[in-house]
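# Survey of secondary and tertiary structure
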Amino acid sequence: MKVLFVNFINEVWGHKRLDENLIKFLSTFSDVTVISPVNWYSNLPENIRVIHYTLKSKPKKNSKKVYHYSFEIMKLASKIDRKEKFDYIFVATFHTYVQAFGRLLFKNLNRIYIMHHYNTDTLERKKPNFFFRLYVNKFNHIVFEEFIRDYLIKKYRLIKDRILVLPHPLYKNSIENKSPKYECVGISNSNDENFIKEIILIEKKNKVLKENKIHVILRSKNQTFDNGYLKVITGYLEQRDYNYLINNTRSIFMPFPQSFKYRMSGTLIDALSNGKILLGTDVPLLNLYKKRYPHICNVVKSPDEFINEVIKISNFDFDNIKQEFSLFENDHSTERIIQILKSTFIEHNK
């Protein structure tokens, strides 16, 4: 079985680890060819064939060149596919608009799987909605959770057999830390700025975290604060700094806005993969995980409630919840993901 793996969006940094895992999983039962920017992947098995491309310049995130380069990558993929005739094309990222036109470059769309990320949340906007409906049942789709699948089926009449629910791989990077430096960190780049602002105002007024000697680090796009216990930082985090914070905390906070509806979070996977209690705001993903893993995931509905939960975590007995972390690991294990991919592709290929 021959599989072509490609991102139709160039250099998505946040998905590199995920891509490398998926490529490795696919390679356990198929012959995988990867289309990639030069020197992009550094962690692939030697038996993976990589075809490199170089763009004249890296497009800015919101420029029209993003569309142009996405189409150029699609043209390259279609050229290689026409020559080598792949059984499947695994599209790890796609642009909602460009996919509508770029699909015309390929034959037999039934063998193409497109993976949903942030773009699913944009579909409620008028233009993405229009373009997505043009091809919704032309491709097969991959999502990370059943509620995202159900949304696409109900809202866009996506045929049930055309959508695969694939668990997100684990991101395990820590060694057990008996004495973590922080009680909580919230370092996603999707944090709700208003929620963080309110936490800062409460701490300025009441100094609850300071009085209880609770160390918390939160990440913001435009706010900073530091009273020695609550610290709010801005800017890009290097992977080593991100991992350091994950490894040296008792809990992870995800203060996501209400617009975060139909997508997975790498921060959530990082938290639970590394044995950290998860706190989050009232969004569908967090409510699902609260229901699925009630002792290691909790939903907070106000900044005051968040502060109270963090104080409780400082006295939490982690030995009592190891079984629930093990359940999460089983649900997202490499073996389970490979089995789902293998059975889906082999069954589809009959």
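Everything below is about the structure printed above this text.
Residues numbered from 1 in each chain as written. Predicted model: local features only at pLDDT ≥ 70, side-chain atom pairs only at ≥ 80, totals over all residues. Heavy atoms only, no water.

## Considerations on the pairing of strand β9 (residues 216-219)
Here β9 shows a buried face lined by V216 and L218 and a second buried face lined by I217 and R219. As paired strands, strand β8 (residues 182-186) and β9 are joined by 3 bridges and run parallel to one another. From the neighbouring strand, G186 faces β9, where its bridge partner is L218. Pairing geometry for β9 and strand β11 (residues 230-233), over 4 bridges, is parallel. By the bridge assignment, I217 is partnered in β11 with K231. (Buried < 20%, exposed > 50% of the residue type's maximum accessible area, 1.4 Å probe, protein only. Helix = DSSP H or I, 4+ residues; strand = E, 2+ residues; numbered from the N terminus. Pairing = 2+ DSSP bridges.)

## Some points on the sheet that holds β9
The strand order across the open sheet built from 7 strands is β10-β11-β9-β8-β12-β13-β14, with neighbouring strands paired in mixed fashion. Two strands lie at the open edges of the sheet, namely β10 (225-226) and β14 (297-299), each paired on one side alone. Contacts between helix α10 (residues 284-292) and the sheet are confined to β12 (249-254), β13 (277-280) and β14, with β14 contributing the most and set at about 130° to the helix. (Contact = heavy atoms within 4.5 Å. Axes fitted to C-alpha atoms, helices over the stretch in contact; angles between N-to-C directions.)

## Some thoughts on the packing of helix α4 (residues 126-133) against helix α5 (residues 146-156)
For the pair α4 and α5, the least separation of the axes is 12 Å and the interaxial angle reads 85°. One element, α4, and the other, α5, form an angle in the roughly perpendicular class. From α4, N129, F132 and R133 reach across to α5, where they touch L152, K155 and Y156. Its residues assigned to classes, the contact of α4 with α5 comprises 3 nonpolar, 1 polar and 2 charged. (Parallel < 35°, antiparallel > 145°, perpendicular 65-115°, else oblique. Nonpolar A, V, L, I, M, F, W, Y, C, P; charged D, E, K, R; others polar.)

## Some points on the pattern of salt bridges
Applying the stated rule across the entire model yields 11 salt bridges. In this structure, D121 and R263 form a salt bridge, with 2.7 Å as the shortest nitrogen-oxygen distance. Highlighted residues: D121 in the loop between β5 (112-115) and α4 and R263 in the loop between β12 and α9 (266-273), separated in sequence by 142 residues. Among the residues examined, D121 registers a relative accessible area of 14% and is labelled buried. When the shortest N-O distance is used, the salt bridge between E329 and K172 registers 3.0 Å. Here the residue E329 occupies a position in helix α12 (residues 322-331), and K172 occupies one in the loop between β7 (163-165) and β8, the gap between them amounting to 157 residues. (Salt bridge = Lys/Arg side-chain N within 4 Å of Asp/Glu carboxyl O.)

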